[in-house]
Amino acid sequence: MSGFEVNVDEMRASAGLVRTIGDDLAGPVDTAVKGASSAAGLLAGWSLAGGLEQLASGWGGPLAALRQRLADTAANLEATAQNHQWNDQSIADTWKAQGAR
């Protein structure tokens with residue numbers, strides 16, 4: 001035996017955790033981006049306003065991309081677990097068919 005084993009339950013649990021992290025980021029990210037943008041609007045005419053607006057617009061895209069990457073990672077972990085499970089079943093079915101001869 002090669003010592004290589006894939007635990008699909010652990011893979012699925014990891015997918016769930018990654019998905020939860022991405023979901024948990026939604027609120028704070030949205031609050032931070034909207035808060036910076038709102039503060040910039042309230043401080044119109046102050047030199048700080050431009051920096052706050054730049055912060056809000058600059059962080060929105062990368063943080064959304066981070067959340068998407070987490071969602072993609074969770075989906076990939078789920079798909080990998082499903083594929084390993086299918087592969088294991090396929091091999092087991094083949095061995096059973098060979099033994100039935």
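See the structure printed just above.
The structure presented is a predicted model; accordingly, all values stated were derived computationally and were not measured.

Visitor: I would appreciate a short explanation of the overall build of the protein in the present structure.
Guide: A count of helices and strands for the protein gives two helices and zero strands. Expected size for 101 residues packed as a compact globule is a radius of gyration near 13 Å; at 23 Å, the protein overshoots this value by more than 25%. Residues counted as buried form 15% of the 101 residues belonging to the protein. Intrachain contacts of the protein at a sequence separation of at least 6 include 73% that bridge at least 24 residues. Carbon together with sulfur atoms contributes 59% to the accessible area of the protein, which is approximately 7,400 Å² in total. Distance between charge centroids for the protein: 5 Å, based on 7 positive and 11 negative side chains.

Visitor: I would appreciate a short explanation of the packing of helix 1 (residues 8-42) against helix 2 (residues 47-99) in the present structure.
Guide: Two measures define how a pair of helices packs: the angle their axes make with one another and the distance between the axes. Taken N-terminus to C-terminus, the directions of helix 1 and helix 2 make an angle of 165 degrees; their axes are 8 Å apart at the nearest point. The angle between the axes of helix 1 and helix 2 places the two elements in the roughly antiparallel class. The two elements helix 1 and helix 2 cross, and the hand of that crossing is left-handed. Of the residues that constitute the contact of helix 1 with helix 2, the class distribution is 23 nonpolar, nine polar and six charged.

Visitor: How do you make sense of helix 1 when you look at a structure like this?
Guide: An α-helix turns once every 3.6 residues. As a result, residues three or four positions apart point the same way. Here helix 1 spans 51 Å end to end across 35 residues, near enough to the 51 Å set by a 1.5 Å rise per residue. At Ala26, helix 1 shows its largest kink, close to 30 degrees, and the proline Pro28 lies no more than four residues downstream. In the core, the buried residues of helix 1 are packed alongside helix 2. N-capping of helix 1 is provided by Asn7, with a side-chain oxygen placed 3.0 Å from the backbone N of Asp9.

Visitor: Where do I start with helix 2 in this structure?
Guide: Counted at 1.5 Å a residue, the expected span for helix 2 with its 53 residues is 78 Å, and the 79 Å between its end C-alpha atoms agrees. Of all the bends in helix 2, the greatest, near 25 degrees, is centred on Gly60, and the proline Pro62 appears no more than four residues after it. Along helix 2, the positions that sit buried rather than exposed are Ala49, Leu52, Ala56, Leu63, Leu70, Ala74 and Ala81. Those residues of helix 2 hidden inside the fold are in contact with helix 1.

Visitor: Got a minute to help me understand the pattern of salt bridges in this structure?
Guide: Close approach of charged atoms allows side chains of opposite charge to pair. In this structure the tally under the stated criterion is two salt bridges. The closest approach of N and O atoms between Glu78 and Arg12, which form a salt bridge, is 3.7 Å. On the criterion of sequence distance, the pair formed by Glu78 in helix 2 and Arg12 in helix 1 is long-range, its members being 66 residues apart. Owing to a relative accessible area of 24%, Arg12 belongs among the partly exposed residues under this scheme. Note that Asp30 is salt-bridged to Lys34, the shortest N-O span being 3.3 Å. In this pair, Asp30 and Lys34 are both assigned in helix 1, four residues apart and thus about one turn of the helix distant. For Lys34, a relative accessible area of 51% gives the class exposed.

The rules we used
- Residues numbered from 1 in each chain as written.
- Predicted model: local features only at pLDDT ≥ 70, side-chain atom pairs only at ≥ 80, totals over all residues.
- Heavy atoms only, no water.
- Helix = DSSP H or I, 4+ residues; strand = E, 2+ residues; numbered from the N terminus.
- Rg over C-alpha atoms; globule rule 2.2 N^0.38 Å.
- Buried < 20%, exposed > 50% of the residue type's maximum accessible area, 1.4 Å probe, protein only.
- Contact = heavy atoms within 4.5 Å.
- Areas by Shrake-Rupley, 256 points an atom, 1.4 Å probe, with all protein chains shown as cover.
- Lys, Arg positive; Asp, Glu negative; His and termini not counted.
- Charge placed at Lys NZ, Arg CZ, Asp CG, Glu CD.
- Axes fitted to C-alpha atoms, helices over the stretch in contact; angles between N-to-C directions.
- Parallel < 35°, antiparallel > 145°, perpendicular 65-115°, else oblique.
- Left-handed = near helix turned anticlockwise from the far one by under 90°.
- Nonpolar A, V, L, I, M, F, W, Y, C, P; charged D, E, K, R; others polar.
- Expected span 1.5 Å × (residues − 1).
- Bend = angle between axes of the 7 residues up to and from the residue.
- Polar contact = N/O pair within 3.5 Å; in protein donor to acceptor, adjacent residues only side chain to side chain.
- Salt bridge = Lys/Arg side-chain N within 4 Å of Asp/Glu carboxyl O.

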